[in-house]
Amino acid sequence: MSGTGVSTGGVADMVARLKSVLPAGWFADATPVLDMVLGGVATLWAALYALIGFATTQTRIATATGPFLDIAAQDFFGASLARRAGETDAMFSARIRANLLAPRATRAALVAGLIAETGRTPNVFEPFNTGDTGGYDSNTLGYNTAGGYGSLALPYQCFVMAFRPVVSSSGNDGGYNLGPGGYGCVPMAWSDLADDPGLTTDSDIYAAIVAVLPAGAVAWTRLSD
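Described below are features of the structure shown in this document. (Residues numbered from 1 in each chain as written. Predicted model: local features only at pLDDT ≥ 70, side-chain atom pairs only at ≥ 80, totals over all residues. Heavy atoms only, no water.)

1. Notes on the pattern of salt bridges
Right, so step 1: Across all of its chains, the model carries eleven salt bridges by this definition.
Right, so step 2: Note that glutamate 117 and arginine 84 form a salt bridge whose closest N and O atoms lie 1.9 Å from each other. Of this pair, glutamate 117 sits in helix H5 (residues 107–118) while arginine 84 sits in the loop between helix H3 (66–77) and helix H4 (89–100), placing them 33 residues apart in sequence. Note on accessibility: glutamate 117 and arginine 84 belong to one class, buried.
Right, so step 3: Note that glutamate 126 is salt-bridged to arginine 107, the shortest N-O span being 2.8 Å. Of this pair, glutamate 126 sits in the loop between strand S1 (123–125) and helix H6 (130–133) while arginine 107 sits in helix H5, and the two are 19 residues apart along the sequence. (Salt bridge = Lys/Arg side-chain N within 4 Å of Asp/Glu carboxyl O. Helix = DSSP H or I, 4+ residues; strand = E, 2+ residues; numbered from the N terminus. Buried < 20%, exposed > 50% of the residue type's maximum accessible area, 1.4 Å probe, protein only.)

2. Remarks on the environment of leucine 22
Right, so step 1: Among the secondary structure elements, leucine 22 is positioned in the loop between helix H1 (11–20) and helix H2 (32–57).
Right, so step 2: Contacts of leucine 22, omitting those with residues within four sequence positions, involve Phe27, Leu34 and Leu38. (Contact = heavy atoms within 4.5 Å.)

3. Overview of the packing of H1 against H2
Axes are the key here: two packed helices are described by the angle between their axes and the distance separating the axes.
Right, so step 1: At a closest axis distance of 8 Å, the pairing of H1 and H2 adopts a crossing angle of 120°. For the element pair H1 / H2, the angle class is oblique. When you trace H1 past H2, the crossing you get is right-handed. Contacts between H1 and H2 involve Val11, Met14, Val15, Leu18 and Lys19 from the first element and Asp35, Leu38, Gly39, Val41, Ala42, Thr43, Trp45, Ala46 and Tyr49 from the second.
Right, so step 2: A class-by-class count of the residues in the contact of H1 with H2 yields ten nonpolar, two polar and two charged. (Axes fitted to C-alpha atoms, helices over the stretch in contact; angles between N-to-C directions. Parallel < 35°, antiparallel > 145°, perpendicular 65-115°, else oblique. Left-handed = near helix turned anticlockwise from the far one by under 90°. Nonpolar A, V, L, I, M, F, W, Y, C, P; charged D, E, K, R; others polar.)

4. A few points about a nonpolar patch on the surface
Right, so step 1: A contiguous nonpolar surface patch, about 730 Å² in accessible area, is contributed by Val41, Leu44, Trp45, Leu48, Leu51, Phe54, Phe68 and Ile71.
Right, so step 2: Every element with two or more residues in the nonpolar patch is listed here: H2 and H3.
Right, so step 3: For the nonpolar patch, the leading source of residues is H2, giving six residues.
Right, so step 4: By the secondary structure assignment, valine 41 is in helix H2.
Right, so step 5: Residue classification places valine 41 among the partly exposed positions, given a relative accessible area of 35%. (Patch = residues over 30% accessible without salt bridge, like charges linked within 9 Å, V, L, I, M, F, W, Y side chains within 5 Å. Areas by Shrake-Rupley, 256 points an atom, 1.4 Å probe, with all protein chains shown as cover.)

Here it is, written out as structure tokens:
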């Protein structure tokens, strides 16, 4: 917005800029014919100015939109990070940037990756890790509470309990033949995947795990609600 209240780069702004470089005294105060001529040129220039602004936003992932955001994801990740059904530009952009510098190849990276993907903290158990298995006389064992059976025959392997994300839009509605649901009393609604844009699928969760695992490591995975 210029100091005159005219939008910078708009048609009126371009007309004013053209008039400002014309010799003083050549035209009367009212110049309808001149305004029409300059308006034609100004309309083209305003369109070009808008195009430059649009092109500039598409050169950065943080501001790219539409198919240009999909192209950026393709450039960096190939087919491994595609837009989900109904996923908005803002959601997709955030997911691309989160994956660009995401940590890899550690247990912490695995946990962080699943939290980013599902919004829920997974349970990870390494049978080769005494910190997970616990040990006798160390106050690290408790039936169904702490510790677990370990094995030196399972190096570089872990067991992962990953949780599906809580669906905010329709996840609290009653299910068919399951409930809860009742006319005018508790949540019940017709819904489909379009009601939950950007919904994370089981395949997405498995892919998130594979993306952070180091070569040669195995994550035996179970998904739960």
